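Below, each chain spelled out in residue letters.
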Amino acid sequence: MATRRTKRAAVVKVQQLEMTPVDLEGAVRRSKRNGLAPKCLIYSPESSAPTKKRRTKMDNEKTKEEEDVGNSDVEPSSGGHGGLSAYELERLENIRQNQAFLSSINLFRATEELKQLTRPKPSQRGLMRSQAAVKEVLPTRKSLRLQNKEAEILTLPPEPRGTLIYEQSSPLKKPSGPLLMDPINLEEGSKLPSQLLELCSEDSKEEINMEFDLKGYRSALKNMRLTEDRVAKVVKDRIFSATFHPCTSTLLMAAGDKWGKVGLWKLGSDWGDDGVLLFEPHTRPVGCMAFSRAHPTHLLSLSYDGSLRCMDVEKAVFDDVYDIDDGLKTFDFLSHDCSTLVVGNWYGEVAIVDRRTAGNSHESLHSLDPKTLRCVSAHPLQKQYFAVAESKVVSIYDSRCLKKAKSQAVSQLHGHSLSITSAYFSPCTGNRVLTSSMDNNIRIYDTSAMTTKSPLLTSIKHDMHTGRWLTKLSAVWDPKREDCFVVGSMARPRRVQVFHENGQPQHTFIDGENLNTVLSVTAFHPTRNALLGGNASGRLHIFSD
């Protein structure tokens, strides 16, 4: 073995001695960096100044390059590269290629779009957040062991005897009787603005143009815009109901929230907080509200706490209209003069209430559904008929033929597989009923003939699952038309959609700067081109021309 190694080493030594210097130069493995062709790159001497530690190495490489250039037949470039080494040239080339690749996949553009999609701050108009009290700075707590003190011997108090009485922090319901209209967002003793009564007393003539074609209607919707000054916090918590006052000179809105507060907002006014006045006539969610068409100074509001009150701007009070222990859900006017109401509760009962009768009780009470009722809607022309959204069916009853229990329905609307959120007669003729269901469908039924089973005309797929923190979506008619309705949406970007009764979308309201939340509660103005939307933080958004 040793002999073979000796022979092999001798052969290699002989071969090396026989090779010429040229052959030796070719046999040496050269770095690929030194073989790179020179590239014309922009060089900044200040940005690429080498450190003292690397200067020796770079000088050696520079000397080697100068020797290679001097021995070659190629003339050096007049522009040069400012003394950059081959390694630095290769590094700059890699950076250029990486930037070209990132540009080819539009990464820089996607980054800019993400910056634009950052959620802007909500509108600061309207009610202001209460200033938190300054916390008192207390000394640092230390245990007795760290203070080298003996533990105190404490004796337990004797056990209480008798019945314990728990005091509630807040009453479950406001006391019965009229409540003064004292805005809680103003100083105590402040009077209502005199302009409020003048505005509510305005004689508004409803001029509904039924000949307005769809093309002109879509054009009017496109002209409606949402601006920053048309977004304001009207109530403190989640909005459950909202409506427009019928006046036409300006826009006056009302909204009810989760904890019984009612807010009035006049667009462009300076009273209160940016035109917002806040009242507290209830203690639980205000599930339904409406201005009286016969007396525009009256706003009726219903709450889950079992109270139905009328805000009378002339008297500056909230009058009692109807009162039970708890569980009121919805109401509607059962007469043209708005003196008779049909009121539904969570226990499947409807009450007929006459406001002309003294007291705050009902005229009659009728059990309809063993589970629950979620919406009632009176026929716009034949006021004796009203629709009731029961568990999975909508029934139409005649108020003249109601019994205490097991009343016979005039007509029924079938086809819902899950619970029904709302059901409304069309505003002009009542020939259609619009329903919203948790089975992700919006349906339109033909009720012109009032047959036993009203036929289904259209079914529109729409996501209705809002979760527990948002008010349920409900499709509502445009009171100026017989064939179009509006509904909020869970889609992104956030939007509000208007549909025709045949299922065709007419317009989608989107605003990336001022609309970034789900508008669960929506309503059109009865005469003007205006639309409101309420969200879970107590803000109203107004689209108007």
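These numbers come from a predicted model, not from an experiment.

## Notes on the overall build of the protein chain
Move 1: Helices and strands together make up the secondary structure of the protein chain, namely 7 helices and 29 strands.
Move 2: The buried share of the protein chain, taken over its 545 residues, is 43%.
Move 3: In the protein chain, the share of contacts with a sequence separation of at least 24, taken over all contacts with a separation of at least 6, comes to 54%.
Move 4: Element-wise, carbon and sulfur atoms account for 51% of the exposed surface of the protein chain, whose accessible area totals about 32,700 Å².

## Some words on the pattern of salt bridges
Move 1: Tallying each qualifying case throughout the model produces 11 salt bridges.
Move 2: R443 is paired through a salt bridge with D439; the nearest N and O atoms lie 2.9 Å apart.
Move 3: Since its relative accessible area comes to 7%, R443 is described here as buried.
Move 4: Overall, D439 belongs to the buried group, its relative accessible area being 12%.
Move 5: Here R481 ties to D483 by a salt bridge, and the two come within 3.0 Å at their closest N and O atoms.

## Regarding the packing of aromatic side chains
The relation between two aromatic rings is expressed through the spacing of the ring centres and the mutual angle of the planes.
Move 1: By the definition in use, this model includes 8 aromatic pairs.
Move 2: The interplanar angle of 85° and the centroid separation of 5.9 Å between the aromatic rings of F331 and F333 together place this pair among those described as edge-to-face.
Move 3: Judged by its relative accessible area of 2%, F333 is buried.
Move 4: Geometrically, the ring pair formed by W477 and F485 is edge-to-face, given 6.2 Å between the ring centres and 85° between the ring planes. Taken as a pair, W477 and F485 share a single burial class, namely buried.

## What about the side chain of R494?
Move 1: You can see R494 is positioned in the loop between β24 (484–488) and β25 (496–500).
Move 2: No salt bridge is formed by the buried R494. Its closest oppositely charged neighbour is D463, at 8.0 Å.
Move 3: Within the structure, R494 has its side chain in polar contact with the backbone oxygen of M490 (distance 2.8 Å).
Move 4: Once you skip the residues sitting within four places of it in the chain, R494 turns out to touch F509, I510, L515, N516, T517 and V518.

## Quick notes on the pairing of strand β15 (residues 375–378)
Move 1: Covered by surrounding structure in β15 are C375 and S377 together with V376 and A378, the residues of both alternating faces.
Move 2: Of the pairings in the sheet, the one linking β15 to strand β16 (residues 385–389) comprises 4 bridges and is antiparallel in character. When the bridges of β16 are listed, S377 appears paired with A387.
Move 3: Hairpin remark: β15 followed by β16, antiparallel, with 6 residues in the connecting loop.

## Observations regarding the sheet that holds strand β22 (residues 456–461)
Move 1: Spatially, β19-β20-β21-β22 is the arrangement adopted by the 4 strands of the open sheet, whose pairing is antiparallel. Edge strands, defined here as strands with exactly one partner in the open sheet, are β19 (420–425) and β22. Adjacent strand axes in the sheet meet at a mean angle of 15° when their direction is disregarded.
Move 2: Where β19 and strand β20 (residues 432–437) come together, 5 bridges link them in antiparallel fashion. Note that in β20 the partner of F425 across the bridge is V433.

## Focus on the side chain of S454
Move 1: Along the polypeptide, S454 turns up in the loop between β21 (441–446) and β22.
Move 2: Look at S454 and you get buried, because its relative accessible area is 6%.
Move 3: Looking at S454, its side chain comes within polar contact range of the side chain of S411, at 2.7 Å.
Move 4: Beyond its immediate chain neighbours, meaning those up to four positions away, S454 contacts S411, Q412, L413, Y445, D446 and T447.

## Focus: helix α7 (residues 214–222)
Move 1: Those residues of α7 not exposed but buried are G216, Y217, A220 and L221. Viewed along the axis of α7, the buried residues span an arc of 145°, placing them on a single side of the element.
Move 2: The elements touched by buried residues of α7 are β24, β25, β26 (505–509) and β27 (521–524).

## Examining the sheet that holds strand β3 (residues 239–244)
Move 1: Taken together, 4 strands build an open sheet; the order of strands is β3-β4-β5-β6 and the sheet is antiparallel. Taken across any chain shown, the strands that pair with only one partner, and hence form the sheet edges, are β3 and β6 (276–279). Pairwise comparison of adjacent strand axes, ignoring direction, gives a mean angle of 15° for this sheet.
Move 2: By the bridge criterion, 5 bridges tie β3 to strand β4 (residues 252–257) in an arrangement that is antiparallel. In the strand pairing of β4, T243 is matched with A254.

Cut-offs applied
Residues numbered from 1 in each chain as written. Predicted model: local features only at pLDDT ≥ 70, side-chain atom pairs only at ≥ 80, totals over all residues. Heavy atoms only, no water. Helix = DSSP H or I, 4+ residues; strand = E, 2+ residues; numbered from the N terminus. Buried < 20%, exposed > 50% of the residue type's maximum accessible area, 1.4 Å probe, protein only. Contact = heavy atoms within 4.5 Å. Areas by Shrake-Rupley, 256 points an atom, 1.4 Å probe, with all protein chains shown as cover. Salt bridge = Lys/Arg side-chain N within 4 Å of Asp/Glu carboxyl O. Phe/Tyr/Trp six-rings, centres within 6.5 Å; stacked < 30°, edge-to-face > 60°. Lys, Arg positive; Asp, Glu negative; His and termini not counted. Polar contact = N/O pair within 3.5 Å; in protein donor to acceptor, adjacent residues only side chain to side chain. Pairing = 2+ DSSP bridges. Axes fitted to C-alpha atoms, helices over the stretch in contact; angles between N-to-C directions. Arc of directions from axis to C-beta.

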